[in-house]
Amino acid sequence: MLRALAVDDERPALEELLYLLRADPRVSSAEGATDATETLRRINRALDAGPDGDDAIDVVFLDIHMAGLTGLDVARLLAGFARPPLIVFVTAHEGFAVQAFDLKAVDYVLKPVRRERLAEAVRRVCDQVDASPAPAAAAPPAVPPQTGAADQIPVELGGVTRFIPIDDIAYVEAQGDYARLHTPAGSHLVRIPLSTLEERWAARGFVRIHRRHLVALGRIDELRLDAGATTVRVGNAELAVSRRHARELRDLLMRRARG
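Undergrad: Can you explain the pattern of salt bridges? Please cite residues and give values.
TA: Counted according to the given criterion, the structure contains 23 salt bridges. One salt bridge connects Asp8 with Lys111, and the closest N-O pair in it is separated by 2.6 Å. Linking Asp8 in the loop between β1 (2-7) and α1 (11-22) with Lys111 in the loop between β5 (107-110) and α5 (115-131), this pair joins segments that are 103 residues apart in sequence. Taking the relative accessible area as the measure of exposure, Asp8 reaches 2% and is therefore buried.

Set out below in structure tokens:
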């Protein structure tokens, strides 16, 4: 059973979030805070009480935009604690997901919060708590989900799951333990490490060109060598090729050109 702290400086949003959390049978208690100062005070009290104390907190559902310190600021402060609670960001803004996951957030829920989407966030927290019974200074990221259909990969945006054809993906960019998929229509963040996608998609023509980039070979428009530095152009993007991958990439492109 989870003990939760919900943080939002807008009282109606906080009350709605608390209502949804308290209605979830996996949540034994849910309390609220309206600013960073109160949040940090409650977490300090919880840590002093210990994991079995009456004030213990397993997870903080944290808004990002608040007066004073932002939710991201609070998360950075918590990262320095010896045994911090897990964090789920709850926000109306899509643009902070990368920073949130870099701070080891378990999930990133967009407002308005839907009951089903919040339930999924609670499930992810429960999975992480069960997998890590002894809290650590930096909790490990949630286990990446497996792809659904072989030719598609599921991505989530605003509580809606979309299935992106793998053939639409031009290149993939590593962002910590996550990956950003770049397509002509836009980009999508997924909870899968770049190394995992490299292994899964090698047979589909994706090649590693750099520690940060995986590229669909057929999407490379140009290969450039300038003053010893190798780059490729993929659509409007120009990507660096590391020295260790440059020769292999040139050979692959030449073989492909010869058919």
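After presenting the structure, the write-up continues.
Undergrad: Could you give me a rundown of unusual backbone geometry, with the residues and numbers involved?
TA: Put simply, Lys111 and Pro112 share a cis peptide bond, and its omega is -5 degrees. Mapped onto the fold, Pro112 is located in the loop between β5 and α5. Unusually for a residue other than glycine, Lys104 sits at a positive phi of about 70 degrees. Position of Lys104 among the secondary structure elements: in the loop between α4 (97-102) and β5. Here Lys104 falls in the partly exposed class, since its relative accessible area comes to 34%.

Undergrad: Quick rundown of the nonpolar core? Include the residues and the values.
TA: If you look at the biggest cluster of nonpolar residues, it comprises 27 residues, and the most contacted ones within it are Leu62, Phe89 and Tyr108. Taken together, the elements giving at least two residues each to this core come down to β1, α2 (36-49), β3 (59-62), α3 (71-78), β4 (86-91), α4 and β5. With 22 residues, the next largest nonpolar core counts Leu21, Val59, Val109 and Ala121 among its residues.

Undergrad: Any details on the sheet that holds strand β9 (residues 178-183)? Residues and values, ideally.
TA: Consider a sheet: its strands pair through backbone hydrogen bonds, and that pairing is either parallel or antiparallel. Reading across from one edge, β10-β9-β8-β12-β11 is the order of the five strands in this open sheet, with antiparallel pairing throughout. Edge positions in the open sheet fall to β10 (186-190) and β11 (206-210), since each of these has one partner strand only. Going across the sheet, the axis of each strand differs from the next one's by a mean of 25 degrees, ignoring polarity. Where β9 lies against β10, five bridges are found, and the strand directions are antiparallel. Residue pairing across strands places Ala179 opposite Val190, the latter belonging to β10.

Undergrad: So, the side chain of Thr231: which residues are in play, and what are the values?
TA: Note on placement: Thr231 falls in strand β14 (residues 229-234). Looking at Thr231, its side chain comes within polar contact range of the side chain of Glu238, at 3.4 Å. Other than its neighbours up to four places away in sequence, Thr231 contacts Glu222, Leu223, Arg224, Glu238, Leu239, Ala240 and Val241.

Undergrad: Break down α2 for me, with residues and values.
TA: In a regular helix each residue adds 1.5 Å, so 14 residues correspond to 20 Å; α2 covers 20 Å between its end C-alpha atoms and thus fits that length. Listed in full, the buried residues belonging to α2 are Ala36, Glu38, Thr39, Leu40, Ile43 and Ala46. Where α2 is buried, its residues meet β1, β2 (27-33), β3 and α3. Downstream of α2 by one or two residues, Gly50 has phi in the positive range, about 90 degrees.

What counts and how
For every chain, the first residue of its written sequence is number 1, and the numbers climb from 1 along that sequence. The model is predicted, so local features are restricted to residues of pLDDT at least 70 and side-chain atom pairs to those at 80 or more, both for listing and for counting; the totals for chains, interfaces and linings are taken over all residues. To get the side-chain values, take all heavy atoms of the structure and skip hydrogens and water. In what follows, salt bridge is the name for a side-chain nitrogen of Lys or Arg lying within 4 Å of a carboxyl oxygen of Asp or Glu. Strands are runs of DSSP state E lasting at least 2 residues, helices are runs of H or I lasting at least 4, and numbering of each runs from the N terminus. The classification of residues rests on relative accessible area computed with a 1.4 Å probe and restricted to protein chains. Under 20% of the type maximum is buried, over 50% is exposed, and intermediate values are partly exposed. Nonpolar cores are built from buried Ala, Val, Leu, Ile, Met, Phe, Trp, Tyr and Cys residues. Side-chain atoms within 4.5 Å join them into one set. By the convention used here, strands pair only if DSSP detects at least 2 bridges between them. Fitted lines through C-alpha atoms serve as axes, helices being fitted only where they are in contact, and the angles separating the N-to-C directions of these axes extend from 0 to 180 degrees. Think of a polar contact as two N or O atoms within 3.5 Å of one another; within protein, one of them needs to be a possible hydrogen donor and the other a possible acceptor, and neighboring residues in sequence only count if both atoms come from side chains. Any two residues having at least one pair of non-hydrogen atoms within 4.5 Å are treated as being in contact. The length a helix should cover is 1.5 Å for every residue beyond the first.

All we've got here are geometric facts, nothing functional implied.
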